[in-house]
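These are the residues of each chain, in order.
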Amino acid sequence: MEKEVMYTLKAPYRDALRIHGYHFGKGEKAACIIGALRGNEVQQLYVCSQLIKVLTELEKHGSISFGKEILVIPSVNHYSMNIGKRFWAVDNTDINRMFPGYDKGETTQRIAAGIFNQVSSYSFGIQFASFYMPGDFVPHVRMMETGYQNTSLANLFGLPYVVVRKPRPIDTTTLNYNWQLWETSAFSVYTNETDEIDENSARMAVSAVLRFLTRMGIIKYNSHSGYIANVIYEDELTTVHAGSAGIFRRKREPGEEVLRGDVLAEILDPYEGTLREAVTAPTDGIIFFAHRKPLITEKDVVCRIIRRLHQ
Amino acid sequence: MIETVVEVALPVDEKLMIQKNRITPAGGQERKRRISIVTGTHGDELEGQYVCYEVQRIIREHPECLTGVVDIYPALNPLGIDSITRGIPQFDLDMNRIFPGSKEGVFTEYVAAEIVDDILGSDVCIDIHASNIYLREIPQVRISEETAERLVPLAMHLNVDFIWVHESATVLESTLAHSLNMMSVPTLVVEMGVGMRITKEYCRQLVTGIFHLMKELGIWNGEAEEVREPFISLNGEVDFVNADASGIFVPEVEIGTYLERGGHIGDILNPLTGEVENSLKASIAGTVFTVREYPIVYHGSLIARILGGTKQWKKK
Ligand SMILES: [Zn+2]
């Protein structure tokens, strides 16, 4: 293992921002794994730290394949993490909306460029990502439909689902999208939790990456086989909206199977405690995403359902 | 007449409401031309607030001169404005990246779609922005290349100092202005002043321009003052000056100043050591139309933008 400072930024008064990379093995740039691009991605940081721990052991035992190099960058935006912010603390910009970056541009464009230059030449790019809506997912691998995406490779993570998303204009500046444009096969891995650490889902994420690296011949590791993933397109998910606002009581969890008419959640009057709405499933299927916060706004997403196909 | 464009219930005893004031001329049932003035997509940009007031004050003084419909939307992001938040507070989401929205979408997308729906049918829309809290901008209209042919002639009426025709960027396709322009409502994006402040002089300048445009479109038949002739820039003539050090920026130039090549823009200071970390010079001759307002800067922070070839810059 070789620890390297990949990017440094001086601040007026704070200690410098140092972005560290951990290299394992030597040779062809095989896989790059990136953790926290946002200041609230504590789980993503934690997953990377656990991965670095395992890879360090594997390297000691000669289990990184000959001629293959792996790079892990556990955190990019700990400057925000250390002070409890999500985006770049000075101007509230999101580093994951700045790729491929610009080395003569604004601060976060420069940070993005500084990182991207060094990660764009890897064959595989894996990012532990987070979603902007508050809620929980079924663990999955997500990729953008850029024309370069390869869902059968995404299957090798052994997570239950592979989700393909049609990029919207706003997605064109994410790391995942730009990795693909620069011919890196890019995958975003979503597990539960962002702001808090969830040990189970962290273990699942670490295993998924180790499984992928093993199956691509980058490491030698004994991993159990995982799931055979279902590939789903994001726009095929059925979104269930809240018809009213108030206190939110979740009744069903991500991954659970539901039948049409099942109560998914209850929305209560926040003063009187009475039921305002019992949100029901419009279709049979599996809950893919579920709202988590204790409050909900009208028309917020209660959950997203993978429709069951009747044969 | 105050109308609610869209409303959504918030969790506890409050509604998110987007309102507009529709001002109509007396008489006649025939179709009237219509201008929509919108602002407040970014909750920390307030220059448009005074513009919305001033336009109404002038119409109120001479209601007989109004010959078309004026729709004023002062707060597209009311939760942001009232909480001094640039984006939509609950999501930390830039509202100008979710258009055209979707009626079946999450509440933010739903709100966006209803706003677009309400503005459709306007003969022109003015979307007033105020830079952000970091930069001060001279009154300008920003137009992407592909809409320039159609929009520049309209923008000429707005009494701004210049019109910036810039390259189109995919990420800007989700702005309100882009969405409306694609749906055939010519929409002009005005940037002026600075976030969290009101610059009366700029607001009045734009108000003069709005009445000039209204007169041109047959929405106003009262007096309309002469407007200044803006400088029209194409991308290549704009020089971006970014910080090459982190520290405290102190400007030497005022906005609107003409600088020779090598002219002094300002310095980035280190108050701990007492040293100048970075002295910033103009790399082209031209007029400074953007200047850093907020003193704390990092490597890369935008300090100034200079419009080259502006010897003939007209300033009243
Ligand atoms: Zn704005």
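Residues numbered from 1 in each chain as written. Chains lettered and ligands numbered in written order. Predicted model: local features only at pLDDT ≥ 70, side-chain atom pairs only at ≥ 80, totals over all residues. Heavy atoms only, no water.

A.B. asks: Before we go on, may I ask you to explain the overall build of chain B in this structure?
C.D. replies: Helix and strand counts for chain B come out as 6 helices and 17 strands. Taken along its principal axes, the extent of the C-alpha atoms in chain B is 65 × 50 × 35 Å. Counting across all 316 residues of chain B, residues that qualify as buried make up 60%. Taking all contacts inside chain B whose residues are at least 6 apart in sequence as the whole, residues at least 24 apart take part in 69%. (Helix = DSSP H or I, 4+ residues; strand = E, 2+ residues; numbered from the N terminus. Buried < 20%, exposed > 50% of the residue type's maximum accessible area, 1.4 Å probe, protein only. Contact = heavy atoms within 4.5 Å.)

A.B. asks: When you look at the packing of helix 1 (residues 42–60) of chain A against helix 6 (residues 199–215) of chain A in this model, what are you seeing that I'm missing?
C.D. replies: When two helices pack together, their arrangement is given by the angle between their axes and by how far apart the axes lie. Residue and element names in this part refer to chain A. Interhelical geometry of helix 1 versus helix 6 gives an angle of 50° and a closest axis separation of 9 Å. The orientation of helix 1 relative to helix 6 falls into the category oblique. Both helix 1 and helix 6 take part in a crossing whose hand is right-handed. Touching Gln 43, Tyr 46, Val 47, Gln 50, Leu 51, Val 54, Leu 55 and Leu 58 of helix 1 are Glu 199, Ser 201, Ala 202, Ala 205, Val 206, Val 209 and Leu 210, all from helix 6. Class assignment for the residues of the contact of helix 1 with helix 6 results in 11 nonpolar, 3 polar and 1 charged. (Axes fitted to C-alpha atoms, helices over the stretch in contact; angles between N-to-C directions. Parallel < 35°, antiparallel > 145°, perpendicular 65-115°, else oblique. Left-handed = near helix turned anticlockwise from the far one by under 90°. Nonpolar A, V, L, I, M, F, W, Y, C, P; charged D, E, K, R; others polar.)

A.B. asks: Any chance you could explain the interface of chain A and chain B here in plain terms?
C.D. replies: How big an interface is tends to be expressed through the accessible area that disappears when the partners come together. Taken together, the contacts link 39 residues of chain A with 38 residues of chain B. In total, chain A and chain B occlude about 3,100 Å² of area from one another, counting both sides; carbon and sulfur atoms represent 60% of this. Where chain A touches chain B, the interface holds 2 salt bridges. Linking chain A with chain B are 13 residue pairs in polar contact (both at pLDDT 80 or more). (Buried area = accessible area lost by both parts, 1.4 Å probe. Salt bridge = Lys/Arg side-chain N within 4 Å of Asp/Glu carboxyl O. Polar contact = N/O pair within 3.5 Å; in protein donor to acceptor, adjacent residues only side chain to side chain.)

A.B. asks: Before we go on, may I ask you to explain the coordination of the zinc ion in this structure?
C.D. replies: Where a metal carries four tetrahedral donors, each ideal angle is 109.5 degrees; where it carries six octahedral donors, the ideal angles are 90 or 180 degrees. Residues and elements named next belong to chain B. Of the protein atoms, only His 42 (ND1), Glu 45 (OE), Glu 45 (OE) and His 129 (ND1) coordinate the zinc ion, at distances of 2.0 to 2.3 Å. One chain supplies every donor for the zinc ion, spaced along it as H-x2-E-x83-H. The class of His 42 is buried, set by a relative accessible area of 6%. A relative accessible area of 3% places Glu 45 in the buried class. (Donors = N, O, S within 2.8 Å, 3.2 Å for Na, K, Ca; no water.)

A.B. asks: How do you make sense of the domain arrangement of chain B when you look at a structure like this?
C.D. replies: Residues and elements named next belong to chain B. Considered domain by domain, chain B is made up of domain 1 (2–229) and domain 2 (236–308). On the side of domain 2, 13 residues touch domain 1, which itself brings 12 residues to the contact. Of the roughly 1,100 Å² buried between domain 1 and domain 2, counting both surfaces, carbon and sulfur atoms make up 69%. Taken together, the connections running from domain 1 to domain 2 amount to 2 salt bridges. Glu 293 is the partner of Arg 136 in a salt bridge, and the nearest nitrogen-oxygen pair spans 3.2 Å. Our count for the contact surface shared by domain 1 and domain 2 stands at 7 residue pairs in polar contact (both at pLDDT 80 or more). For the side of domain 1 that touches domain 2, the secondary structure elements donating two or more residues are strand 6 (135–144) and strand 7 (162–166). (Domains from an automatic or database assignment.)

A.B. asks: What should I look at first to understand the confidence of the model for chain B in this one?
C.D. replies: The predicted coordinates ought not to be read in detail in places where the model reports low pLDDT. When pLDDT is averaged across chain B, the result is 94; 97% of the residues are at 70 or more. Predicted complex metrics record ipTM = 0.89 and pTM = 0.92. (pLDDT = per-residue confidence, 0-100.)

A.B. asks: Hey, could you run me through the nonpolar core in this one?
C.D. replies: Buried together is how nonpolar side chains tend to be arranged in soluble globular proteins. Among the nonpolar cores identified, the biggest contains 64 residues, and Val55(B), Val70(B), Leu158(B), Leu188(B), Met214(B), Ile265(B) and Ile303(B) are the most heavily contacted of them. Each of domain 1 (2–229) and domain 2 (236–308) of chain B contributes no fewer than three residues to this core. What Met214(B) contacts, discounting residues up to four positions off in sequence, is Ile35(B), Ile59(B), Leu66(B), Val70(B), Ile219(B) and Trp220(B). Tyr190(A), Val5(B), Tyr73(B) and Ile119(B) belong to the second largest nonpolar core, which has 42 residues in total. (Core = buried A, V, L, I, M, F, W, Y, C linked by side-chain atoms within 4.5 Å.)

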